[in-house]
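# Structural characterization, general
Chain by chain, the residues:
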Amino acid sequence: MSLRPGPQLRAIATVQVALAERSYDILVGGEVLARDDRWIPLVQARQVALVSNLTVAPLHAAPVLKALREHAAQVIEVLLPDGEACKDWQHLQRIFDALLGHRFDRRCVLVALGGGVVGDMTGFAAACYQRGVDFIQMPTTLLAQVDSSVGGKTGINHPAGKNMIGAFHQPRLVVADTGWLATLPARERSAGLAEVIKHGAIADVTYLQAVVDDLAALRRADPLALQRAVVRSCEIKAAVVGEDERENDRRAILNFGHTFGHAIEAGLGYGTWLHGEAVGAGMVLAADLSERLGLLSASERGLLVAAIAEAGLPVRAPDWGFEAYLHWMSADKKARAGIPRFVLLEGLGKAVVCTVDAHRLRQTLASCTGPPAV
Ligand code: NAD
Ligand code: GLY
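Calculation criteria
- Residues numbered from 1 in each chain as written.
- Chains lettered and ligands numbered in written order.
- Predicted model: local features only at pLDDT ≥ 70, side-chain atom pairs only at ≥ 80, totals over all residues.
- Heavy atoms only, no water.
- Phe/Tyr/Trp six-rings, centres within 6.5 Å; stacked < 30°, edge-to-face > 60°.
- Lys NZ or Arg CZ within 6 Å of the ring centre and 35° of its normal.
- Near = heavy atom within 4 Å.
- Polar contact = N/O pair within 3.5 Å; in protein donor to acceptor, adjacent residues only side chain to side chain.
- Areas by Shrake-Rupley, 256 points an atom, 1.4 Å probe, with all protein chains shown as cover.
- Nonpolar A, V, L, I, M, F, W, Y, C, P; charged D, E, K, R; others polar.
- pLDDT = per-residue confidence, 0-100.
- Contact = heavy atoms within 4.5 Å.
- Pairing = 2+ DSSP bridges.
- Helix = DSSP H or I, 4+ residues; strand = E, 2+ residues; numbered from the N terminus.
- Salt bridge = Lys/Arg side-chain N within 4 Å of Asp/Glu carboxyl O.
- Buried < 20%, exposed > 50% of the residue type's maximum accessible area, 1.4 Å probe, protein only.

With the rule as written, the count across this model stands at three aromatic pairs. Note that R362 overlies the ring of F322, its terminal NZ or CZ placed 3.9 Å from the centroid.

Written out as structure tokens, the structure reads:
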């Protein structure tokens, strides 16, 4: 990372997550650590553990470590293997082993440099270590910048379900450096776009239209288009989290496409489709269901499905039948007494959470599943 801002760099944008004493900023732009000093007081004279993985660290850790070492009392690096399969107790334990092995105290700070897997695990380690220590999110995937690093959901998977063990623990700061996204594979960028499209669909139709207009630029990682999308998505997520931090009600709308999406991921086996790909196809199913219930017009559904396809995401979910879908969807965290609940669209830009009758659900699954079609 060069320390001199390049010509492509805009001012660093700030989005605030307003949660009283747990409020924090999200800094969005290029070369953030070099151009903004708001992270320094959080690490000054403290023990800092940079947690990353074996893919991200060789690409991006060196300048981050250098910057941290200029201000912290002690900096250690904890490197995890890559992949969703490592989001488990065994690998979480490696973080605790390193912290205890270096005698980290309760004033220590964990820094998560990586995608959603590293972020969720580091956040959960921070929530548990000595009953809770500070952590900073430094998300390096589009999905993590627009979604997983914001809002304080942390955790690991259990063989019986994804993200089933975890805690709400807000970061002290999120540093979303869009420059880190330059090395992200195109398939991962498309996966992140699913969450970007989701934010427009549930909360802001003008933003959805702007994302559609920017899709080509976003797919080729144009820094300004990325900054616009990260900022607006974070604003939308921050507003929802500010209203309902612990998902008692409204926060569930952030799960648009996820009830079907989690069923697709679980049914195919985690890692077969990326999370964002499953959410893409899941949003197609949720939009179809919304139209069948008279909540969404055919043209609105068409616009959304076209955006998902143009983002490079699957628009058809695998066909393994109603019962199998019902089985996986009943385990969704939004389900009540085993009855799945769905986030549906009442027009583009407005989401509602509801149960639906089995007949409509069967029709949607019959119409939107089949051989994969992107
Ligand atoms: P990921 O963390 O597995 O990252 C995707 C891949 O990209 C990995 O191979 C990673 O090593 C690599 N990578 C990361 N940054 C890179 C870079 N800059 N250049 C090159 N490669 C890079 O996946 P993800 O999509 O970021 O996150 C998915 C995870 O996030 C899931 O576990 C999901 O459950 C979780 N999630 C959490 C929340 C939340 O609110 N906490 C929300 C959505 C998703
Ligand atoms: N990604 C859903 C949430 O943070 O609530």
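So, on to the site of ligand 2. Inspection of the region around ligand 2 gives D147, K153, K237, E247, R251 and L254 as its neighbouring residues. Here an oxygen atom of ligand 2 sits 2.8 Å away from a polar atom, N or O, in the side chain of K153. The side chain of R251 places a nitrogen or oxygen atom 2.7 Å from an oxygen atom of ligand 2. Within the complex, the protein chains bury 88% of what would otherwise be the 200 Å² of accessible surface of ligand 2. Along the lines of polarity and charge, the residues of the shell around ligand 2 split into one nonpolar, no polar and five charged.

Per-residue confidence for the protein chain gives a mean pLDDT of 94; residues scoring 70 or more make up 97%. Confidence drops under pLDDT 50 across residues 1-7; counting only partners more than four residues distant or on other chains, this segment forms eleven contacts.

This part takes up the pairing of strand β7 (residues 153-158). Relative to strand β8 (residues 161-168), β7 runs antiparallel, the two sharing five bridges. Across the sheet, residue T154 finds its bridge partner in β8, namely A167.

Under the counting rule described, the total for this entry stands at 22 salt bridges. As a salt-bridge pair, E21 and R22 come within 2.9 Å of each other at their nearest N and O atoms. Judged by its relative accessible area of 35%, R22 is partly exposed. The closest approach of N and O atoms between D147 and K198, which form a salt bridge, is 3.2 Å. Of this pair, D147 sits in helix α6 (residues 142-148) while K198 is found in helix α7 (residues 186-203), placing the two residues 51 residues apart along the sequence. A single network of salt bridges, built from pairs that share partners, joins D147, E195, K198 and K237.

In this section: the site of ligand 1. In the vicinity of ligand 1, 26 residues are found, and the nearest of them are D82, E84, T140, T141 and T183. Between ligand 1 and K87, the relevant distance is 2.7 Å, taken from an oxygen atom to a side-chain nitrogen or oxygen of the residue. Within the side chain of T140, one N or O atom sits 2.7 Å away from a nitrogen atom of ligand 1. In the complex, the protein chains occlude 90% of the 860 Å² of accessible area that ligand 1 would expose alone. Of all the secondary-structure elements, those providing two or more residues to the shell around ligand 1 are α3 (56-69), α5 (116-128), α6 and β8. Considering only residue class, the shell around ligand 1 consists of seven nonpolar, ten polar and nine charged.

Moving on, we come to unusual backbone geometry. Positive phi outside glycine occurs at E31, with the angle close to 55 degrees. With respect to the element layout, E31 can be found in the loop between β2 (24-29) and α1 (32-35). Positive phi, close to 55 degrees, is recorded for R103, a residue that is not glycine. Of note, R103 is situated in the loop between α4 (89-101) and β5 (109-114). R103 gets classed as exposed once you look at its relative accessible area, which sits at 74%.

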